Amino acid sequence: SAHWPDVSVELILSDERIDHIRDEVDISIRFFRPSGAGLITRKLCDVPIMICASPDYLARRGTPREPEDLKHHDCLLFRTPYDGRLLPWGFFRNGIRFEPDLHVSIISNDIGALGAMTVAGAGISRLGAFLARDLVAKGDVVALFASGSAASGAEADPEPLDFHICVQDRQAMLPKVRLFIDHIVEEWKRRPI
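Residues numbered from 1 in each chain as written. Predicted model: local features only at pLDDT ≥ 70, side-chain atom pairs only at ≥ 80, totals over all residues. Heavy atoms only, no water.

A. Structural context of the environment of Val-104. Tracing the backbone through its elements, the reader meets Val-104 in strand E7 (residues 104–108). Not counting chain neighbours up to four residues away, the residues in contact with Val-104 comprise Cys-75 and Leu-77. (Helix = DSSP H or I, 4+ residues; strand = E, 2+ residues; numbered from the N terminus. Contact = heavy atoms within 4.5 Å.)

B. Seen up close, the pairing of strand E4 (residues 75–78). The side-chain alternation of E4 yields two buried faces, one formed by Cys-75 and Leu-77 and the other by Leu-76 and Phe-78. With 4 bridges joining them, E4 and E7 adopt parallel strand pairing. Within E7, the residue paired with Cys-75 across the bridge is Val-104. (Buried < 20%, exposed > 50% of the residue type's maximum accessible area, 1.4 Å probe, protein only. Pairing = 2+ DSSP bridges.)

C. View of the sheet that holds strand E10 (residues 157–158). One open sheet accounts for 3 strands, arranged E6-E5-E10; its pairing is antiparallel. What marks the edges here is a single partner per strand, and that holds for strand E6 (96–98) and E10. Across 3 bridges, the pairing between strand E5 (residues 91–93) and E6 is antiparallel. Across the sheet, Arg-93 pairs through a bridge with Ile-96, a residue of E6.

D. Spotlight on the nonpolar core. Of all hydrophobic cores here, the largest spans 31 residues; its most connected members are Ile-51, Trp-89, Phe-91 and Ile-124. Mapped by element, the contributors of at least two residues to this core are strand E2 (39–47), strand E3 (49–53), helix H1 (55–61), E4, strand E11 (161–168) and helix H4 (175–190). With near-sequence residues (within four places) excluded, Ile-51 lies in contact with Trp-89, Phe-91, Ile-124, Ser-125, Arg-126, Val-142, Ala-143, Leu-144, Phe-145 and Pro-158. With 7 residues, the next largest nonpolar core counts Cys-52, Leu-127, Leu-135 and Val-141 among its residues. (Core = buried A, V, L, I, M, F, W, Y, C linked by side-chain atoms within 4.5 Å.)

E. Here's a closer look at helix H3 (residues 129–138). Buried within H3 we find Ala-129, Ala-132 and Leu-135. With its buried residues spanning 130° around the axis, H3 presents them on a single face. Along H3, the residues that are exposed and aim more than 90 degrees away from the buried face are Phe-130, Asp-134, Ala-137 and Lys-138. The inward-facing, buried residues of H3 contact E3, helix H2 (111–119) and strand E8 (124–128). In the segment just after H3, Gly-139 is the residue with positive phi, at about 85°. (Arc of directions from axis to C-beta.)

Next up, the structure:
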């Protein structure tokens, strides 16, 4: 706000579906590309994903060598609160996207709870790197399926989570909206995810 003293910001943090017109929202940031009448989106960034399990879980259940082994493990899945969908576990191998079969043991709509359950040894989860990196660094969890870590020829990279910045078409050309979007995009480029 130091750059634009005449602009005020109201920050709304919600897992619910936002309607820009009904909720009087100028800009929203969402993961996945949303759809909706008159909604204009711009990709903001890709957030790296890490598939994680605690050392305790891996000692008890073994370490999956490739994503296809997840059907034999307890997987902790995230359900998006705004539409009830389970967040898919996509992977890329040799440039081809695939979703392996999973054995779902726990579902939650709170990523923090899934992270805590993973650390406690409840199973394997799909976490954003912004959350998982610190847990890996502390030794609370182990990252699985990083390129080069799987069996020969089985390497697979978790599909990143893409974030989009969204505006209703009637707001898209307002100077305050354009300036704010440009600012957010530039700031995001400068900060490691």
